[in-house]
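This is what each chain is made of:
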Amino acid sequence: MRIACLIRYRIDPFQREAFQAYAERWGRVIPRCGGDLIGYFLPHEGSNDIAWGLVAFDTLAGYEAYRARLKADPEGHGNFDFAREQRFILREERSWVEIVDGTFRRSATTADTP
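As the structure is a prediction and not an experimental result, all values here were calculated from the model.

A.B. asks: Pulling in residues and values, what's your account of the packing of helix α1 (residues 16-33) against helix α2 (residues 60-72)?
C.D. replies: Across the interface, α1 lies against α2 with an axial gap of 8 Å and an inter-helix angle of 125°. Comparing their axes, α2 and α1 come out oblique. With respect to the hand of their crossing, α1 and α2 are arranged in right-handed fashion. Residue-level contacts link W26, V29, I30 and C33 of α1 to Y66, R69 and L70 of α2. In terms of residue class, the contact of α1 with α2 is built from six nonpolar, no polar and one charged.

Here you go:
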(Lines give C-alpha, C1' and ligand atoms only; values in the text may rest on other atoms or scores of the structure.)
Protein backbone atom coordinates (compact mmCIF):
# COMPACT_ATOMS: atom_id res chain seq x y z
CA MET A 1 0.00 0.00 0.00
CA ARG A 2 1.43 3.37 -1.04
CA ILE A 3 0.90 6.29 1.28
CA ALA A 4 1.32 10.03 0.95
CA CYS A 5 1.93 12.79 3.41
CA LEU A 6 -0.13 15.86 2.62
CA ILE A 7 1.36 18.90 4.33
CA ARG A 8 -0.79 22.00 4.69
CA TYR A 9 1.12 25.17 5.49
CA ARG A 10 -0.25 28.46 6.69
CA ILE A 11 2.36 30.93 5.48
CA ASP A 12 3.03 34.62 5.88
CA PRO A 13 1.73 35.94 2.55
CA PHE A 14 4.32 38.73 2.64
CA GLN A 15 7.09 36.10 2.63
CA ARG A 16 5.84 34.06 -0.33
CA GLU A 17 9.29 34.16 -1.99
CA ALA A 18 10.94 32.76 1.14
CA PHE A 19 8.48 29.84 1.17
CA GLN A 20 9.14 29.28 -2.54
CA ALA A 21 12.90 29.07 -1.89
CA TYR A 22 12.22 26.66 1.00
CA ALA A 23 10.05 24.45 -1.22
CA GLU A 24 12.59 24.46 -4.04
CA ARG A 25 15.29 23.22 -1.66
CA TRP A 26 13.05 20.30 -0.71
CA GLY A 27 12.98 19.50 -4.43
CA ARG A 28 16.60 18.39 -4.07
CA VAL A 29 16.51 16.98 -0.53
CA ILE A 30 13.34 14.87 -0.46
CA PRO A 31 14.17 12.66 -3.48
CA ARG A 32 17.76 12.25 -2.29
CA CYS A 33 16.48 11.01 1.08
CA GLY A 34 14.01 8.54 -0.48
CA GLY A 35 10.69 10.41 -0.72
CA ASP A 36 8.69 10.51 -3.95
CA LEU A 37 8.09 14.25 -4.17
CA ILE A 38 4.82 15.01 -5.93
CA GLY A 39 5.32 18.72 -5.43
CA TYR A 40 4.91 21.89 -3.44
CA PHE A 41 2.13 24.30 -4.26
CA LEU A 42 1.86 28.03 -3.56
CA PRO A 43 -1.43 29.93 -3.31
CA HIS A 44 -2.50 31.42 -6.62
CA GLU A 45 -6.10 32.63 -6.29
CA GLY A 46 -8.37 32.68 -3.28
CA SER A 47 -6.59 32.36 0.07
CA ASN A 48 -3.14 33.90 -0.05
CA ASP A 49 -1.74 32.16 3.02
CA ILE A 50 -2.23 28.42 2.36
CA ALA A 51 0.44 26.31 0.64
CA TRP A 52 0.75 22.54 0.23
CA GLY A 53 3.41 19.85 -0.04
CA LEU A 54 2.77 16.28 -1.14
CA VAL A 55 5.27 13.42 -0.69
CA ALA A 56 4.60 9.73 -1.38
CA PHE A 57 6.19 6.58 0.03
CA ASP A 58 5.86 2.90 -0.85
CA THR A 59 5.30 1.94 2.79
CA LEU A 60 5.27 3.38 6.28
CA ALA A 61 8.64 1.68 6.83
CA GLY A 62 9.92 3.56 3.77
CA TYR A 63 8.78 6.79 5.37
CA GLU A 64 10.59 5.93 8.61
CA ALA A 65 13.82 5.26 6.69
CA TYR A 66 13.35 8.56 4.83
CA ARG A 67 12.94 10.46 8.12
CA ALA A 68 16.22 9.02 9.42
CA ARG A 69 18.06 10.05 6.25
CA LEU A 70 16.42 13.48 6.32
CA LYS A 71 17.62 14.14 9.87
CA ALA A 72 21.18 13.37 8.78
CA ASP A 73 21.05 15.47 5.59
CA PRO A 74 22.96 18.78 5.97
CA GLU A 75 20.89 20.63 3.34
CA GLY A 76 17.65 19.38 4.91
CA HIS A 77 18.79 20.50 8.35
CA GLY A 78 19.73 23.88 6.89
CA ASN A 79 16.31 24.24 5.29
CA PHE A 80 14.56 23.59 8.60
CA ASP A 81 16.82 26.23 10.18
CA PHE A 82 16.02 28.70 7.36
CA ALA A 83 12.27 28.32 7.98
CA ARG A 84 12.69 28.72 11.74
CA GLU A 85 14.88 31.82 11.37
CA GLN A 86 12.72 33.55 8.74
CA ARG A 87 9.39 32.56 10.38
CA PHE A 88 7.42 32.41 7.12
CA ILE A 89 5.61 29.21 8.17
CA LEU A 90 2.95 30.12 10.69
CA ARG A 91 1.42 26.66 11.02
CA GLU A 92 1.99 23.20 9.57
CA GLU A 93 -0.45 20.28 9.52
CA ARG A 94 0.21 16.77 8.22
CA SER A 95 -2.37 14.29 6.98
CA TRP A 96 -1.63 10.76 5.85
CA VAL A 97 -3.58 9.35 2.95
CA GLU A 98 -3.62 6.03 1.13
CA ILE A 99 -2.96 6.25 -2.61
CA VAL A 100 -5.67 4.64 -4.72
CA ASP A 101 -4.17 2.07 -7.09
CA GLY A 102 -4.53 3.02 -10.74
CA THR A 103 -4.69 6.76 -10.06
CA PHE A 104 -1.17 7.69 -8.99
CA ARG A 105 0.90 9.72 -11.46
CA ARG A 106 -1.51 9.19 -14.34
CA SER A 107 -1.31 11.58 -17.26
CA ALA A 108 -3.38 11.97 -20.40
CA THR A 109 -0.65 10.20 -22.39
CA THR A 110 -0.52 7.16 -20.08
CA ALA A 111 -4.23 6.81 -19.32
CA ASP A 112 -6.00 3.74 -20.63
CA THR A 113 -8.45 4.47 -23.40
CA PRO A 114 -11.89 2.83 -23.37
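A.B. asks: Got a sec to walk through the side chain of D12? Specific residues and values, please.
C.D. replies: Considering the arrangement of structural elements, one finds D12 in the loop between β1 (3-11) and α1. Lacking a salt bridge, the buried D12 has R10 as its closest oppositely charged neighbour, with an N-O distance of 8.7 Å. A polar contact is formed between the side chain of D12 and the backbone nitrogen of F14, at a distance of 2.8 Å. Sequence-distant contacts of D12, that is, excluding residues within four places in its chain, are made with F88 and L90.

A.B. asks: Break down the sheet that holds strand β2 (residues 36-41) for me, citing the residues and quoting the values.
C.D. replies: Strands sit in the order β2-β3-β1-β4 across an open sheet of four strands; the sheet is antiparallel. At either end of the open sheet lies a strand with only one pairing partner, and these are β2 and β4 (89-98). Ignoring which end each strand starts from, the neighbouring axes of this sheet average 15° apart. The pairing of β2 with strand β3 (residues 50-57) spans five bridges and is classified as antiparallel. What sits directly across from F41, in β3, is W52. Set on the sheet, α1 makes contact with β1, β2, β3 and β4; between it and β2 the angle comes to about 175°.

A.B. asks: Tell me about the pattern of salt bridges, and name the residues and values.
C.D. replies: Counted under the stated rule, the structure contains ten salt bridges. Between E75 and R32 there is a salt bridge whose closest N-O contact spans 3.1 Å. In this pair, E75 is assigned in helix α3 (residues 74-86) and R32 in helix α1, connecting sequence segments 43 residues apart. The partner of E93 in a salt bridge is R91, with the nearest N and O atoms 3.0 Å apart. Sharing partners across several salt bridges, the network here consists of R28, R32, D73 and E75.

A.B. asks: Outline the packing of aromatic side chains, supporting the account with residue identities and numerical values.
C.D. replies: All chains considered together, the criterion is met by 15 aromatic pairs. The interplanar angle of 65° and the centroid separation of 5.0 Å between the aromatic rings of Y9 and F19 together place this pair among those described as edge-to-face. Remark: F19 occurs in helix α1 and Y9 occurs in strand β1; sequence separation between them is ten residues. For Y9, a relative accessible area of 1% translates into the label buried. Where F82 meets F88, the ring centres are 5.3 Å apart and the plane angle is 50°; that geometry is what we call tilted.

Basis of the calculations
- Residues numbered from 1 in each chain as written.
- Predicted model: local features only at pLDDT ≥ 70, side-chain atom pairs only at ≥ 80, totals over all residues.
- Heavy atoms only, no water.
- Axes fitted to C-alpha atoms, helices over the stretch in contact; angles between N-to-C directions.
- Helix = DSSP H or I, 4+ residues; strand = E, 2+ residues; numbered from the N terminus.
- Parallel < 35°, antiparallel > 145°, perpendicular 65-115°, else oblique.
- Left-handed = near helix turned anticlockwise from the far one by under 90°.
- Contact = heavy atoms within 4.5 Å.
- Nonpolar A, V, L, I, M, F, W, Y, C, P; charged D, E, K, R; others polar.
- Buried < 20%, exposed > 50% of the residue type's maximum accessible area, 1.4 Å probe, protein only.
- Lys, Arg positive; Asp, Glu negative; His and termini not counted.
- Salt bridge = Lys/Arg side-chain N within 4 Å of Asp/Glu carboxyl O.
- Polar contact = N/O pair within 3.5 Å; in protein donor to acceptor, adjacent residues only side chain to side chain.
- Pairing = 2+ DSSP bridges.
- Phe/Tyr/Trp six-rings, centres within 6.5 Å; stacked < 30°, edge-to-face > 60°.

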